[in-house]
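Coordinates in review
Next come the chains, spelled out residue by residue.
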Amino acid sequence: MEKNGSHHKLRVCVATCNRADYSKLAPIMFGIKAEPQFFELDVVVLGSHLIDDYGNTYRMIEQDDFDIHTRLHTIVRGEDEAAMVESVGLALVKLPDVLNRLRPDIMIVHGDRFDALALATSAALMNIRILHIEGGEVSGTIDDSIRHAITKLAHYHVCCTRSAEQHLIAMCEDHDRILLAGCPSYDKLLSAKNKDYMSIIRMWLGEDVKPRDYIVALQHPVTTDIKHSIKMFELTLDALISFNKRTLVLFPNVDAGSKEMVRVMRKKGIEHHPNFRAVKHVPFEQFIQLVAHAGCMIGNSSCGVREVGAFGTPVINLGTRQTGRETGENVLHVRDADTQDKILHALQLQFGKQYPCSKIYGDGNAVPRILKFLKSINLKEPLQKKFCFPPVKDNISQDIDHILETQSALAVDLGGTNLRVAIVSMKGEIVKKYTQLNPKTYEDRLELILKMCVEAASEAVNVNCRILGVGISTGGRVNPREGIVLHSTKLIQEWSCVDLRTPISDALHLPVWVDNDGNCAALAERKFGHGKGVENFVTLITGTGIGGGIIHQHELIHGSSFCAAELGHIVVSLDGPECLCGSQGCIEAYASGIALQREAKKLHDADLLLVEGMSMKEEEPVSAAHLIQAARLGNARAGGILRTAGTALGLGVVNILHTMNPSLVILSGVLASHYVSAVRDVIHRQALSSAKAVDVVVSNLADPALLGAASLVLDYTTRRTY
């Protein structure tokens, strides 16, 4: 490491505010201390560590044999919103003197507490580099705002999950300064369970308590809704009293509302109840053993949804404090915990179960990665951090006229027959639509796209719409990162290795997104349709061909070579009819509009298609619509073809259920309503029992291709990760 041109040790200041953040910082501190040839460690202690009511937890830092350089009393008592603000202010007053004396090269700040915000603000204003631990996560309270504010102040980021890493990138942080390391506490967790635990259980819960036969409760106030969180804590204690199991209750943290929660505990006599043990603090190593062997953990602490998953201990997460966290299957969420019966029922469902261990938040090797990351920091680099904003051509100033306009997208749909452009509002309203026949050559097609987009962008001014960008839905395989059509379907000629983003962006001075039409249909459902708010679902388009898109954990799956969700080419028969892709027995070879048209022609040529009530003009081409009409009027052969097509589609859906296990399947396109009953029947007959509960619905969107193309733009502008 270099500083001012000379080799020296990196001076690291670790500031810890409470028992929770110390459990994450301690493994890093031990790692730094173990390499004195590379690092100098200064420890600053502040916040609730120094308050008797919260256990004087600075003592555990001393017991770990760390020298505490500075103790700062920064908490203003009162445990309300004003006290939190005053505590931040007091810390800001005291920290500059400490940092002036220490002059660290880098300060390590953890998490999302108000004390941590004061630390990051002080360090940033005093030109000290900041390494933020656990940025990019989402919980669901004011902690989110504080965490993201610290992210903006920090120069380097250590995150625990892939989603957190993606959130940091979406927040315009430099990817080169983000380390996906996992949670440091997991370095202890994953090696802890086999240690002696019975003595710890007896010490905290009594001699007669057995493993898996007690509960750990840890609940904090929600500062954005203190009154409701106190009521929820009261209901939790009532449910625990009724459940009649030995329970270790930890006092809440120092946030606004904690004083009232302690009053509730004392009003109910929890500290003297024979089934309860109420404590201010448990050393982390002992706490690990207690939750690892508990019958259940209940409350709203991040520990429940993060660390406890490493042991597979059942968890009941109450309320909204951890709403956005990634969780393992051991967590049961009771979002609206407004009655004692709901909480009691959750206890009955969870208590005593054993779930698979989860490693969502770490693999036990976070600290070596973090130390290596620290060693790689170049102190010669400019201190001023840079933000990686997405490329936008010629930004338009935000004057009052633009504020009053309706934010909208230009949506382009490239179909086999037609080329369509539409102005789509943020609410999914198609304000204006333009349709032309899709030209057969590349040059004519691109010229027409540009002409229609320019015309639509001009018209947007007249209809008071501000165009935020252009989204393009097209058939074939697409590289959405580069905006390139890699190769297309046979329905669109001369449409391979085509860069759509550059010419359209250059012409319109707008950002451009491009994706496959099946993926766009899934995005449309996610933003405007049945998929809104659904974590895992699949969309199947039933039209001229068969396509689709997969949403997994709220995100669209593209695959390693942008070939994911080619659902029409799932093989359901080894010797089935030939598909346009060259294979045999694909879903598309049975259930697409082209396949139905092929079968309709065969019947027509054999004079077996028309039945009473049907008529065709002499020059009228035979289509899938004629087959459907014939089946509806009682043509047994036509009905059999439709049943076979529906069965093939259903078998494909069963394969999808057994691969992706979505909770919802959405059938889209002109043929969807004709297939939905058959698909449900096949699922009922063929799917595994655990997959049969899936909902199968028909899309209610009138134009999923255009809406999906628009959502490419609108999702990004509302800062959704994509």
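Residues numbered from 1 in each chain as written. Predicted model: local features only at pLDDT ≥ 70, side-chain atom pairs only at ≥ 80, totals over all residues. Heavy atoms only, no water.

**Things to note about the pairing of strand β6 (residues 106-110)**
In terms of burial, β6 is largely enclosed, as 5 of its 5 residues are buried. Of the two faces of β6, both are covered, the one formed by I106, I108 and H110 as well as the one formed by M107 and V109. Bridge count for strand β3 (residues 10-16) against β6 is 3 bridges, and the pairing is parallel. Bridge assignment links V12 to a residue of β6, and that residue is I106. Relative to strand β7 (residues 129-133), β6 runs parallel, the two being bridged by 5 bridges. Bridge assignment links M107 to a residue of β7, and that residue is I130. With helix α4 (residues 114-125) bridging β6 and its parallel neighbour β7, the resulting β-α-β unit is right-handed. (Buried < 20%, exposed > 50% of the residue type's maximum accessible area, 1.4 Å probe, protein only. Helix = DSSP H or I, 4+ residues; strand = E, 2+ residues; numbered from the N terminus. Pairing = 2+ DSSP bridges. Right-handed = clockwise from strand over helix to strand, strands pointing away.)

**What about the pattern of salt bridges?**
Under the defined criterion, the tally for this structure stands at 37 salt bridges. The partner of E35 in a salt bridge is K375, with the nearest N and O atoms 2.6 Å apart. With a gap of 340 residues between them, E35 in the loop between α1 (19-33) and β4 (39-46) and K375 in helix α14 (residues 366-375) connect regions that are remote in the sequence. Between D112 and R147 there is a salt bridge; the shortest N-O distance is 2.7 Å. Of this pair, D112 sits in the loop between β6 and α4 while R147 sits in helix α5 (residues 142-153); the two residues are 35 residues apart in sequence, bridging distant segments of the chain. According to the relative accessible area criterion, D112 is buried, its value standing at 11%. Via salt bridges that share partners, K24, D112, E134, E137, D144, R147, R306, E307 and R325 belong to a single interconnected network. (Salt bridge = Lys/Arg side-chain N within 4 Å of Asp/Glu carboxyl O.)

**Notes on the UniProt feature "binding site: an N-acyl-D-mannosamine" (unreviewed entry) in the protein chain**
In the numbering used here, UniProt assigns the "binding site: an N-acyl-D-mannosamine" (unreviewed entry) feature to R477, T489, D517, E566 and E588. Mapped onto the elements of the fold, E566 is located in the loop between β26 (555-556) and α19 (587-591). Given the relative accessible area of 30%, E566 is considered partly exposed. (UniProt positions renumbered as here; feature names shortened; annotations may be inferred.)

**With respect to the nonpolar core**
Ranked by size, the top nonpolar core spans 62 residues in total, and within it I298 and L347 carry the most contacts. The element that contributes the greatest number of residues to this core is helix α9 (residues 226-243), accounting for 9 residues. Not counting residues within four places of it along the chain, the set of residues in contact with I298 comprises I215, V216, A217, L218, T236, L240, I316, L318, I343 and L347. Among the nonpolar cores identified, the runner-up in size contains 42 residues, and A645, V653, V665 and L671 belong to it. (Core = buried A, V, L, I, M, F, W, Y, C linked by side-chain atoms within 4.5 Å. Contact = heavy atoms within 4.5 Å.)

**Regarding α9**
The first and last C-alpha atoms of α9 sit 26 Å apart over 18 residues, in line with the 26 Å expected at 1.5 Å per residue. Taken together, the buried positions of α9 are I226, S229, I230, M232, F233, L235, T236, L237, A239, L240 and F243. (Expected span 1.5 Å × (residues − 1).)

**Examining the packing of aromatic side chains**
Counted according to the given criterion, the structure contains 5 aromatic pairs. Ring geometry for F243 against F351: centres 5.4 Å apart, planes inclined by 75°, an arrangement best described as edge-to-face. In this pair, F243 sits in helix α9 while F351 sits in the loop between α13 (340-350) and α14, placing the two residues 108 residues apart along the sequence. With a relative accessible area of 16%, F243 lands in the buried category. A relative accessible area of 18% means that F351 is categorised as buried. With a centroid separation of 6.1 Å and 45° between ring planes, the pair formed by F387 and F389 is classed as tilted. F387 sits in the partly exposed class, given a relative accessible area of 32%. Owing to a relative accessible area of 58%, F389 belongs among the exposed residues under this scheme. (Phe/Tyr/Trp six-rings, centres within 6.5 Å; stacked < 30°, edge-to-face > 60°.)

**Quick look at the packing of α9 against helix α10 (residues 258-267)**
Axis separation between α9 and α10 bottoms out at 10 Å; the angle between their running directions is 25°. Considering the angle they form, α9 stands roughly parallel to α10. In this structure, the crossing between α9 and α10 has a hand that is right-handed. Here I230, F233, E234 and L237 of α9 lie close against α10, whose contacting residues are E260, M261, V264, M265 and K267. Partitioned by chemical class, the residues of the contact of α9 with α10 number 6 nonpolar, no polar and 3 charged. (Axes fitted to C-alpha atoms, helices over the stretch in contact; angles between N-to-C directions. Parallel < 35°, antiparallel > 145°, perpendicular 65-115°, else oblique. Left-handed = near helix turned anticlockwise from the far one by under 90°. Nonpolar A, V, L, I, M, F, W, Y, C, P; charged D, E, K, R; others polar.)

**As for the packing of helix α22 (residues 636-660) against helix α23 (residues 672-686)**
Orientation of α22 relative to α23, taken along the N-to-C sense of each, is 55°, at an axis distance of 8 Å. Here α22 lies oblique to α23, going by the angle between them. For the crossing formed where α22 meets α23, the hand is right-handed. Across from L642, A645, G646, T647, L649, G650, L651, V653, V654, L657 and H658 in α22, the residues of α23 making contact are Y675, A678, V679, V682, I683 and Q686. Along the lines of polarity and charge, the residues of the contact of α22 with α23 split into 12 nonpolar, 5 polar and no charged.

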